[in-house]
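Fold and geometry: a report
What follows is the residue order along each chain.
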Amino acid sequence: MKLDTQDIAPEGRKRSDAVLLIHGFTGSPISMQPWASSLEQAGFDTAIPLLPGHGTQWKDMIGCDYGQWIHATEQAYDLLAQTHERVFAAGLSMGGALALHLATRRNVAGVSLVNPGLVVDSPVAPYTPWLKHVVRSVAPISDDIAKRGVTEGAYPRTPVAAVAQLHSLFAQTRRRLALVDAPAQLFRSTVDNVVSERSVHELVEGLNSGTLAEHHMLLHSKHVATLDYDAEQIFHESARFFAQLAAAEHKPKQERP
């Protein structure tokens, strides 16, 4: 079921498990809704926050600071943690970076990542804090989907000022990867025209050994794989992953002889 912030378990008891799903840069909850629906059918409560500056018009991103995106995810996590014993995080693209960042500051039970971004590949990315005064927006980085007729509901333009914030978010997240101790699951599309292998390399190199518990290849999808041909694979494997982590937490510890 989708969580209502007033939905408290009977007699003050916490529900078992919830998943916080985080959408991508210039995108919207549309890209995460099918995933959330599948997780709900598997018995998880879900929440998909709309990140500041998103879901309206692209110009609304111009004044946004990446700290606002971090705060929005932490606030959403805190609400879920008030009513649930365990909260997992799932992220697409920039949402993957935010899920990882969240795991360095909150007690996230596990993380599922779909084509997570950790590097802005454009060589001009470091100069965007100055370029934004010359160029307001560039062509969109959206709807990289193999399946025809499907849209993620992203903006038709990408504000350069927002790219500068994205670059800073990725840099900060990369520096904090060693602080992630929640088990992580990675889904990677074989064709991705938005996030390159540099982000995967940074993820693998930055996490401590053993933190990346699973790595699944998506053979038939592009970047927005949650709306693409391999979506069911993501939904099924993430639900299994979260359920296994929850079950392991419940297992009684064996006494040493």
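Residues numbered from 1 in each chain as written. Predicted model: local features only at pLDDT ≥ 70, side-chain atom pairs only at ≥ 80, totals over all residues. Heavy atoms only, no water.

Okay, the nonpolar core next. Formed by 45 residues in total, the largest nonpolar core has its most connected members in Trp69 and Met94. Elements with a minimum of two residues in this core: strand 1 (15-22), helix 2 (66-83), strand 3 (84-92), helix 3 (94-103), strand 4 (111-114), helix 5 (160-176), strand 7 (184-189) and helix 6 (197-206). Excluding residues that lie within four positions of it along the chain, methionine 94 makes contacts with His23, Gly24, Phe25, Leu51, His54, Trp69, Gly117, Leu166, Leu169 and Phe170. Among the nonpolar cores identified, the runner-up in size contains 27 residues, and Ala36, Val224, Ala225 and Ala239 belong to it. (Core = buried A, V, L, I, M, F, W, Y, C linked by side-chain atoms within 4.5 Å. Buried < 20%, exposed > 50% of the residue type's maximum accessible area, 1.4 Å probe, protein only. Helix = DSSP H or I, 4+ residues; strand = E, 2+ residues; numbered from the N terminus. Contact = heavy atoms within 4.5 Å.)

Scanning the model with the defined rule gives five aromatic pairs in all. Note on phenylalanine 88 and phenylalanine 242: the rings are 4.5 Å apart at their centroids and 25 degrees apart in plane angle, and the pair reads as stacked. With phenylalanine 88 in strand 3 and phenylalanine 242 in helix 7 (residues 231-250), this pair connects stretches of sequence that are 154 residues apart. The class of phenylalanine 88 is buried, set by a relative accessible area of 1%. Each member of the aromatic cluster is reached from another via a ring pair, and the members are Phe44, Phe88, Phe241 and Phe242. (Phe/Tyr/Trp six-rings, centres within 6.5 Å; stacked < 30°, edge-to-face > 60°.)

With that out of the way, let us pick up the pattern of salt bridges. Here the structure, examined in full by the defined rule, presents 10 salt bridges. When the shortest N-O distance is used, the salt bridge between glutamate 237 and arginine 240 registers 2.8 Å. Pair noted here: glutamate 237 and arginine 240 are both in helix 7, with a separation of three residues, about one helical turn. Accessibility expressed as a relative area gives 25% for arginine 240, which makes it partly exposed. (Salt bridge = Lys/Arg side-chain N within 4 Å of Asp/Glu carboxyl O.)

Counting through the fold element by element, lysine 59 comes out in the loop between strand 2 (45-47) and helix 2. Judged by relative accessible area, which is 45%, lysine 59 ranks as partly exposed. The sequence separation of lysine 59 and glycine 153 amounts to 94 residues, and the corresponding C-alpha distance is 15 Å.

The six strands are arranged 2-1-3-4-7-8 in an open sheet whose pairing can be described as parallel. Looking at the sheet topology across the chains shown, the edges are occupied by strand 2 and strand 8 (212-218). Each strand axis lies, on average, 20 degrees off the axis of its neighbour in the sheet, ignoring direction. As paired strands, strand 4 and strand 7 are joined by four bridges and run parallel to one another. Looking at the pairing, serine 112 lines up with glutamine 185 of strand 7. Each of strand 1, strand 2 and strand 3 touches helix 2; the most contacted strand, strand 1, lies at about 170 degrees to it. (Pairing = 2+ DSSP bridges. Axes fitted to C-alpha atoms, helices over the stretch in contact; angles between N-to-C directions.)

What follows concerns the packing of helix 3 against helix 5. Taken N-terminus to C-terminus, the directions of helix 3 and helix 5 make an angle of 40 degrees; their axes are 10 Å apart at the nearest point. Considering the angle they form, helix 3 stands oblique to helix 5. The two elements helix 3 and helix 5 meet at a crossing, and its hand is left-handed. For the pair helix 3 and helix 5, contact is made by Met94, Ala97, Leu98, Leu100 and His101 and by Leu166, Leu169, Phe170, Gln172, Thr173 and Arg176, respectively. Of the residues that constitute the contact of helix 3 with helix 5, the class distribution is seven nonpolar, three polar and one charged. (Parallel < 35°, antiparallel > 145°, perpendicular 65-115°, else oblique. Left-handed = near helix turned anticlockwise from the far one by under 90°. Nonpolar A, V, L, I, M, F, W, Y, C, P; charged D, E, K, R; others polar.)

Before going further, it helps to spend a moment on unusual backbone geometry. Notably, threonine 26 is not glycine yet its phi reads approximately 65 degrees, a positive angle. Mapping threonine 26 onto the fold places it in the loop between strand 1 and helix 1 (33-41). Residue threonine 26 is classed as buried on the basis of its relative accessible area, which comes to 1%. Backbone geometry places serine 93, a non-glycine residue, at a positive phi of 60 degrees.

Along its 18 residues, helix 2 runs 27 Å from first to last C-alpha, staying within 8% of the 26 Å computed at 1.5 Å per residue. Buried residues along helix 2 sit in contact with strand 1, strand 2, strand 3, helix 3 and helix 5. Where helix 2 starts, the residue carrying a side-chain oxygen 2.6 Å from the main-chain nitrogen of glycine 67 turns out to be aspartate 65. (Expected span 1.5 Å × (residues − 1). Polar contact = N/O pair within 3.5 Å; in protein donor to acceptor, adjacent residues only side chain to side chain.)

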